[in-house]
Amino acid sequence: MSLLMSVLMGILQGIAEFLPISSSGHLALFQAFFGMENFEETQAFFTVLLHLGTLISVFIVYWRDIIEMIYEFFAGIIALFSPKRRTRPLPPMRRMVLMIIVATLPLLLVLPIKDRIDALYGNTFFISCALLATGFLLFFSDRLARGKKNAKTARITDALLVGCGQAVATVPGLSRSGTTIAVGMMLGFERKFAVRFSFLLSLPAVLGANILEIKDVAATADSGMFPIYLAGVVVAAVVGYFAIRLVNMLADKGKFGKFAYYCWAVGIVSLIAGIVKFAL
C-alpha cells in the first residue's frame, strides 16, 4: 500500500464515518469497484487503525463530556451503595452514561450473526439498496418538528430504541450515525442532543468492536508500514474532526436531510455499476 492510498483511505474514513453516508458501505464499494476486493485481508490491521483514528476525533470534540462521563460512571457505582441513592435525581451526565450503556446493549444481539453481516460486505446490490434506505431515513427525519428532549428529559426507553437503530445499522450501507441521529430526532431529541448522543454512543461501540478484532488482525501488521499506517490514521482523525463539526452545524440548521440526495445518487450509481459489472 502506498502513502497516497493510505491518505485517500484516511480521508474516506474520516468523511464517511461521521457524515451520515455509511463509511462501511463506501469502503466496501470502493474496494469492489476499484479492484481491491482483498484489501480487508491484506490490510485488516490498517482498517482497524483507521477506525481508531476517527475515534480520536470524537475524543477531541467531546473531551469535556467524556471526562465528566468517566467521573459520573464511577460516582454512580459509589452511589449504588449509598443509603441516600434514591432521594436525589440522577445528574444529567450520569443519566447520559446510563443511556449509553442501555443503548449499547442491542449490539450484543448482533454478535451471533456477525459472520452473516460480514458476508454482506461483498454484496454490492445489498449495499446499494441500503444506501437508498439511508437516504429515505435522512430525508424524512429532517422534516420532523424540532424535538425538545435532552440529557435531562430523554427516557431510558428512548436510548434503547436508538441502540436498536445502531444494531440494525451494523449492516454495510446503512449509516450508523445517520440511523442513530434520525431515530433520536424521531423520538423527539433536540437536534444537537441527537448528534451528541450518537457520537458519544459510538465510543463503546467502535472501541469494543476494534478491541475484539485487533487480536485477530494484528498478525497482518507489517512493521515496515507503520509510517504509512500512521499517515492514514492522522488524516482520518483530522478529517473526522471537521466532519463532526459539519454534521453538528447542518443538523442544527435543519439541513441534515441534504445528505439524502447524496446517498440516493451513490446508491443508484453503484446499483447500475453492479448490474453492468455482473452482466460483463
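Structure's up top.
Residues numbered from 1 in each chain as written. Predicted model: local features only at pLDDT ≥ 70, side-chain atom pairs only at ≥ 80, totals over all residues. Heavy atoms only, no water.

*Asks:* Any chance you could explain the overall build of the chain here in plain terms?
*Replies:* Helices and strands together make up the secondary structure of the chain, namely 13 helices and zero strands. Secondary structure of the chain in N-to-C order comes out as α-α-α-α-α-α-α-α-α-α-α-α-α. The C-alpha atoms of the chain give a radius of gyration of 19 Å, which matches the 19 Å a tight globule of 280 residues would have. In terms of overall dimensions, the chain has a C-alpha envelope of 70 × 45 × 35 Å along the principal axes. Of all 280 residues assigned to the chain, the portion counted as buried reaches 50%. In the chain, once contacts between residues fewer than 6 apart in sequence are set aside, the share between residues at least 24 apart is 83%. For the chain, the exposed area adds up to about 14200 Å²; of that, 71% sits on carbon and sulfur atoms. (Helix = DSSP H or I, 4+ residues; strand = E, 2+ residues; numbered from the N terminus. Rg over C-alpha atoms; globule rule 2.2 N^0.38 Å. Buried < 20%, exposed > 50% of the residue type's maximum accessible area, 1.4 Å probe, protein only. Contact = heavy atoms within 4.5 Å. Areas by Shrake-Rupley, 256 points an atom, 1.4 Å probe, with all protein chains shown as cover.)

*Asks:* Please clarify how the packing of helix H2 (residues 23-33) against helix H8 (residues 124-141) should be interpreted in this entry.
*Replies:* The description of two packed helices rests on the angle between their axes and on the distance between the axes. For the pair H2 and H8, interaxial distance at closest approach is 10 Å and the crossing angle is 140°. Between H2 and H8 lies a crossing whose hand is left-handed. Across the interface between the two elements, Gly 25, His 26, Ala 28, Leu 29, Ala 32 and Phe 33 of H2 pack against Thr 124, Ile 127 and Leu 131 of H8. (Axes fitted to C-alpha atoms, helices over the stretch in contact; angles between N-to-C directions. Left-handed = near helix turned anticlockwise from the far one by under 90°.)

*Asks:* Help me understand helix H9 (residues 156-168), please; the structure alone is not making it clear to me.
*Replies:* Note on helix geometry: an α-helix contains 3.6 residues per turn, so any two residues three or four positions apart are oriented the same way. Look at H9: 19 Å from first C-alpha to last across 13 residues, which is about the 18 Å you get at 1.5 Å a residue. All of the buried residues along H9 are Asp 158, Ala 159, Val 162, Gly 163, Gly 165, Gln 166 and Ala 167. (Expected span 1.5 Å × (residues − 1).)

*Asks:* When you look at a nonpolar patch on the surface in this model, what are you seeing that I'm missing?
*Replies:* The grouping of Ile 70, Phe 73, Phe 74, Ile 77, Leu 80, Phe 81 and Ile 101 at the surface amounts to a nonpolar patch, some 730 Å² of accessible area in total. The greatest single-element share of the nonpolar patch, amounting to five residues, is contributed by helix H5 (residues 63-80). (Patch = residues over 30% accessible without salt bridge, like charges linked within 9 Å, V, L, I, M, F, W, Y side chains within 5 Å. Salt bridge = Lys/Arg side-chain N within 4 Å of Asp/Glu carboxyl O.)

*Asks:* Is there a simple way to explain the environment of Ile 100 in this structure?
*Replies:* Among the structural elements, Ile 100 can be located in helix H6 (residues 92-104). For Ile 100, a relative accessible area of 6% puts it in the buried group. Distance in space between the C-alpha atoms of Ile 100 and Ala 205 is 9.9 Å, their sequence separation being 105 residues. Among residues more than four places away in sequence, those in contact with Ile 100 are Met 69, Phe 197, Leu 200, Leu 201 and Pro 204.

*Asks:* Just checking my understanding: could you explain the nonpolar core for this structure?
*Replies:* Within soluble globular proteins, side chains that are nonpolar generally end up buried alongside one another. Of all hydrophobic cores here, the largest spans 46 residues; its most connected members are Tyr 62, Met 96, Phe 189, Phe 193, Phe 197, Leu 200 and Phe 256. By residue number, the principal contributor to this core is helix H11 (residues 191-217), which donates nine residues. Apart from the residues lying within four places of it in its own chain, the contact partners of Phe 189 are Met 99, Gly 147, Lys 148, Lys 149, Ala 154, Asp 158, Val 162, Gly 184, Ala 194 and Phe 197. One finds Met 225, Ile 228, Val 233 and Ala 236 within the second-largest nonpolar core, a separate group that totals 12 residues. (Core = buried A, V, L, I, M, F, W, Y, C linked by side-chain atoms within 4.5 Å.)

*Asks:* Would you explain the side chain of Arg 95 in this entry?
*Replies:* Tracing the sequence through the fold places Arg 95 in helix H6. Salt bridges are absent for the buried Arg 95, whose nearest opposite-charge side chain, Asp 158, sits at 7.5 Å. A polar side-chain atom of Arg 95 sits 3.3 Å from the main-chain carbonyl oxygen of Lys 152. In this structure Arg 95 touches Leu 90, Ala 151, Lys 152, Thr 153, Ala 154 and Arg 155, once residues within four positions along its chain are discounted. (Lys, Arg positive; Asp, Glu negative; His and termini not counted. Polar contact = N/O pair within 3.5 Å; in protein donor to acceptor, adjacent residues only side chain to side chain.)

*Asks:* Sorry if this is basic, but what is going on with the packing of H6 against H9 here?
*Replies:* H9 packs onto H6 with a crossing angle of 40° between their chain directions and a minimal axis gap of 7 Å. Put simply, H6 runs oblique to H9. Here the hand of the crossing between H6 and H9 comes out right-handed. On H9, the residues that touch Leu 98, Met 99, Val 102 and Ala 103 of H6 are Ile 156, Ala 159, Leu 160, Gly 163 and Gln 166. When its residues are assigned to classes, the contact of H6 with H9 shows seven nonpolar, two polar and no charged. (Parallel < 35°, antiparallel > 145°, perpendicular 65-115°, else oblique. Nonpolar A, V, L, I, M, F, W, Y, C, P; charged D, E, K, R; others polar.)

Nothing here speaks to function; it is geometry throughout.
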